[in-house]
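Geometric and topological summary
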Amino acid sequence: MTVLTKLFTAMKGAANEAGEAIVDHQALRILDQEMRDARKELAKAKEQLTKVMAEHAGVARDVQRLRGAIAEHEEYANKALDKGEAELAEDICARIAEFEEELKLQEQAESEYVAGVNRLKRQVKSTERNILSMSRQVGLIKATERIQKANAAAGDKFSGSQASMVSATASLERIKQRQQERTDRTNAAQQLAAEGDGRNLDQRLRDAGILGRESSAGDVLERIRAKREKNL
């Protein structure tokens, strides 16, 4: 594989990675928008469910009203029969039949409302769980992405810091070395100066006990006291 081919392959790979990064970033943005849309639709569905439940409540009240009306008119029919009012009782029974027909329709409607409301409630709960689960996953993906970026940035800075530390350490060592060299030169100069004026030899003679030590203030004071005592 030639150098140009390798370079082209590397550039192509970098372009693909950059393209994938853009697609992934856009995918998260699209997913965020879809999640917002899903929440809006869920809110609308809940609002619609509320209306359906209100309608169901109205139908349930009609069922109870019709059942009460039937029971009430059956009692009227019995009283009419007790009084021998057969024709009146027959008219009452005709109305009861109308109530029963309407009740049948309302009970069927109520049954459909019950089934529909329960189904919608399950769908709403399922959608809520899906949205919550997806939101958690999206949040986890975003957190992971931020952590990975932070790690990468920290790694780059750490690498740069390591290089800086190595350079700084080398500089410190050079400074220490120069300081030590100056100290050595100063000590050597002092040693040469001492040897030149004889102080070094005198000190060596004193250390060997050959040359008497220099008089101190105490020695002078003792000598004066000795003379005073001798003159007394």
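Here the structure is a predicted model, which is why all the values come from computation and not from measurement.

**Quick word on the overall build of the chain**
Scanning the chain from terminus to terminus reveals 4 helices and 0 strands. Burial analysis of the chain (232 residues in total) assigns 12% to the buried set. Considering only intrachain contacts with a sequence separation of at least 6, the fraction spanning at least 24 residues in the chain is 73%. Split by element, the accessible area of the chain, about 18700 Å² in all, is 55% carbon and sulfur.

**Describing a negative patch on the surface**
Taken together, the side chains of Glu85, Glu87, Glu90 and Asp91 present a region of like negative charge at the surface. One can find Glu85 in the loop between helix 1 (3–82) and helix 2 (86–196). With a relative accessible area of 41%, Glu85 lands in the partly exposed category.

**What about the environment of Arg39?**
Looking at where Arg39 falls in the secondary structure, it is placed in helix 1. In this structure, the C-alpha to C-alpha distance between Arg39 and Thr127, residues 88 residues apart in sequence, is 9.1 Å. Not counting the four nearest positions on each side in its chain, Arg39 is found in contact with Ile131 and Ser135.

**Some points on the pattern of salt bridges**
Enumeration over the complete set of coordinates arrives at 7 salt bridges. The shortest N-O distance in the salt bridge between Glu102 and Arg65 comes to 3.6 Å. Within this pair, whereas Glu102 is found in helix 2, its partner Arg65 is found in helix 1, the two being separated by 37 residues in sequence. Residue Glu102 is classed as partly exposed on the basis of its relative accessible area, which comes to 33%. Take Arg65: its relative accessible area is 42%, and that puts it in the partly exposed class.

**Brief notes about a positive patch on the surface**
Side chains of Arg174, Arg178, Arg182 and Arg185 sit close together on the surface and give a patch of like positive charge. Tracing the backbone through its elements, the reader meets Arg185 in helix 2.

**Thoughts on the nonpolar core**
Within the largest apolar cluster, 11 residues are counted, these being Val63, Leu66, Ala69, Ile70, Ala77, Ala80, Ala89, Ile92, Ile96, Phe99 and Leu103. Of all elements in the fold, only helix 1 and helix 2 reach the threshold of two or more residues within this core. No other element matches helix 1, which puts 6 residues into this core. Judged by nonpolar contacts, the second largest core, of 7 residues, contains Met35, Leu42, Val52 and Val124.

**Here we look at the confidence of the model for the chain**
Averaged over the chain, the pLDDT score is 79; the fraction of residues at 70 or greater is 72%. The least confident element of the chain, judged by mean pLDDT, is helix 3 (residues 199–207) at 66; the most confident is helix 2 at 83.

**Considering the side chain of His73**
On the secondary structure map, His73 appears in helix 1. The buried category is assigned to His73, whose relative accessible area is 11%. Beyond its immediate stretch of four places on either side in the chain, His73 contacts Ile92, Arg95, Ile96 and Phe99.

Conventions used here
Residues numbered from 1 in each chain as written. Predicted model: local features only at pLDDT ≥ 70, side-chain atom pairs only at ≥ 80, totals over all residues. Heavy atoms only, no water. Helix = DSSP H or I, 4+ residues; strand = E, 2+ residues; numbered from the N terminus. Buried < 20%, exposed > 50% of the residue type's maximum accessible area, 1.4 Å probe, protein only. Contact = heavy atoms within 4.5 Å. Areas by Shrake-Rupley, 256 points an atom, 1.4 Å probe, with all protein chains shown as cover. Patch = residues over 30% accessible without salt bridge, like charges linked within 9 Å, V, L, I, M, F, W, Y side chains within 5 Å. Salt bridge = Lys/Arg side-chain N within 4 Å of Asp/Glu carboxyl O. Lys, Arg positive; Asp, Glu negative; His and termini not counted. Charge placed at Lys NZ, Arg CZ, Asp CG, Glu CD. Core = buried A, V, L, I, M, F, W, Y, C linked by side-chain atoms within 4.5 Å. pLDDT = per-residue confidence, 0-100.

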